[in-house]
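Listed here are the chains, written in short residue letters.
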Amino acid sequence: MNHSFDALIIGAGQAGPSLAGRLTAAGWTVGFVERKNFGGTCVNTGCTPTKALIASAKAAHTLRQAADYGLPSANEFTVDLAQVIARKDSIVAASRASLEKWLTNMPGCTVFRDTAKFLSPTTMQVGDAVLEAKHIFLNVGGRPAIPPLPGLEQVAYLTSSTILALEELPTHLVVVGAGAVGLEFAQLFRRLGSQVTIVERSPRLLPHDDEDVAAAVADILTSEGITLRLGAECISVGLDGGQPVVHVSCEEDPEPSRGSHLLLAMGRQPNTDDLQLEKAGLTADARGYLPVDEELRTAVPGIWVLGDCNGRGAFTHTSYNDFEIVAANLLDHEPRRVSDRLPVSAIYLDPPFAKVGLTEAEVRAAGTPALIGKRPMTKVGRAVEKGETKGFMKVLVHAETDQILGASIVGTGGDEAIHCIITAMYARQTATFMRHNVFIHPTVSELIPTVFGELKPLEPAGK
């Protein structure tokens, strides 16, 4: 059966549904294809489920700390992981159902549930149907990457997707990989009651961030009893007594890490390998990403790529912004570009780490004349009152123009407080402007103007 539309949208992640809403509101007919769960990674295996689990883990951690807040000590308790997972599942299901209902009832939008494959630059096979359109938008997302670790074929392992279905708490979870995914799962399972070991190839955590950030994050994790095994250049896996073993080092530390469960958190890969790209004249890069220009157009006229699979961002907020860029250029005649957005991200540890713009290391490497301001959370009243004083705030400012270059916050409320700096940077405001702000007391954000008022010259590397 053949169907003709003005546009095809492949994938119901963050960019696709909103684009369908804009296009149909503009009078376009849309064929919408989703082969599995509506909502993409964020709703099903990413932000929504993990942050729900992190909230449960935070509650368990706070209960154990009752005495620190002048309350009666909580008795030792065991977490029923099945109940925690059930809470998470109910949140995910509600979000997914709401999105699916919106799309299936959207006037002008026809939903197809199957895998899409190109037949030509303007046609795609979806099950028994052939869909044709002059405009095709790929929003197919990504999945956990499974690196070829020696011995992996012998061992049962978890990914960031499959670990969400566990109903029994691991006795000892070994996490291979210390990116955002690995760190978040490590802390939440430790707080739920598991022993946790993190194995990481880099000699320190967060190699793309500043050393003081990495040290603060390491302190947060180790203070909760998480074991860090860094500099693991010879990672391989095996079994010992039916349980997974991770070999960490060839020479200096031959003792392997043993656990009851193994989580691989070693990156993600785009879902572009089964689209039959060659029939559309498309070619993915070496990692499977589809190259796009500043307006998210491919080299093939009429085909755009949005979200995780274009290699221009790996976050929900960048995926949604991809939709905004495409809609603005196509429908609003407003020239918006990928390079308009600032690099912003957060890792949802407790306390979180959030950042915008350049790191201290990047500023030094560029030789930019700069000023730096830094304040520990021990000197932030709101953090002290909450009993959450780990971490710091740090800002970087151009010494000659007074423009804000970047900021990092490791600490309670940092994922929210960072936004006043993000907004100032989008508005091209200066450090002087930030110093003149008056924020609400008592908050974490109220100390940000103070940090901008305590700037000192950024010393060259090595001093």
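Refer to the structure above for everything that follows.
Below or above, wherever it landed, is the structure these notes cover. The structure presented is a predicted model; accordingly, all values stated were derived computationally and were not measured.

Structurally, S18 can be placed in helix α1 (residues 15-25). In this structure S18 touches W102, Y320 and F323, once residues within four positions along its chain are discounted.

A sheet is described by the order of its strands in space; here three strands give the open sequence β11-β12-β13, paired in antiparallel fashion. Two strands lie at the open edges of the sheet, namely β11 (236-240) and β13 (257-258), each paired on one side alone. Bridge count for strand β12 (residues 243-247) against β13 is two bridges, and the pairing is antiparallel. Across the sheet, residue V245 finds its bridge partner in β13, namely R258.

Side chains that differ in sign of charge can pair as their charged atoms come close. Throughout the structure, instances matching the rule amount to 26 salt bridges. Close ionic contact of E100 with R113 constitutes a salt bridge, the shortest N to O distance being 2.7 Å. Of this pair, E100 sits in helix α4 (residues 81-104) while R113 sits in the loop between β3 (109-112) and β4 (116-120); the two residues are 13 residues apart in sequence, bridging distant segments of the chain.

Turning to unusual backbone geometry, a few remarks are in order. Backbone torsion omega between D350 and P351 reads 0°, so that peptide bond is classified as cis. In this structure, P351 sits in the loop between β17 (344-347) and β18 (353-357). The omega torsion across H441 and P442 is -5°, close enough to zero to call that bond cis. Looking at the secondary structure, you find P442 in the loop between α11 (431-435) and α12 (448-452). The residue D402 is not glycine, and still its phi comes out positive at about 70°. Here D402 lies in the loop between β20 (392-398) and β21 (404-410).

This part is about the packing of aromatic side chains. Considering all chains together, one arrives at four aromatic pairs under this definition. Note on F137 and W304: the rings are 4.8 Å apart at their centroids and 25° apart in plane angle, and the pair reads as stacked. With F137 in strand β6 (residues 129-138) and W304 in strand β16 (residues 303-305), the pair connects residues that are 167 residues apart, well separated along the chain. Look at F137 and you get buried, because its relative accessible area is 0%. When the centroid spacing of 5.2 Å and the interplanar angle of 65° are considered together, the rings of Y320 and F323 count as edge-to-face. Of this pair, Y320 and F323 both sit in helix α7 (residues 316-331), three residues apart, which is roughly one turn of the helix. Judged by its relative accessible area of 7%, F323 falls in the buried class.

Reading the values: rules and limits
Residues numbered from 1 in each chain as written. Predicted model: local features only at pLDDT ≥ 70, side-chain atom pairs only at ≥ 80, totals over all residues. Heavy atoms only, no water. Helix = DSSP H or I, 4+ residues; strand = E, 2+ residues; numbered from the N terminus. Contact = heavy atoms within 4.5 Å. Pairing = 2+ DSSP bridges. Salt bridge = Lys/Arg side-chain N within 4 Å of Asp/Glu carboxyl O. Phe/Tyr/Trp six-rings, centres within 6.5 Å; stacked < 30°, edge-to-face > 60°. Buried < 20%, exposed > 50% of the residue type's maximum accessible area, 1.4 Å probe, protein only.

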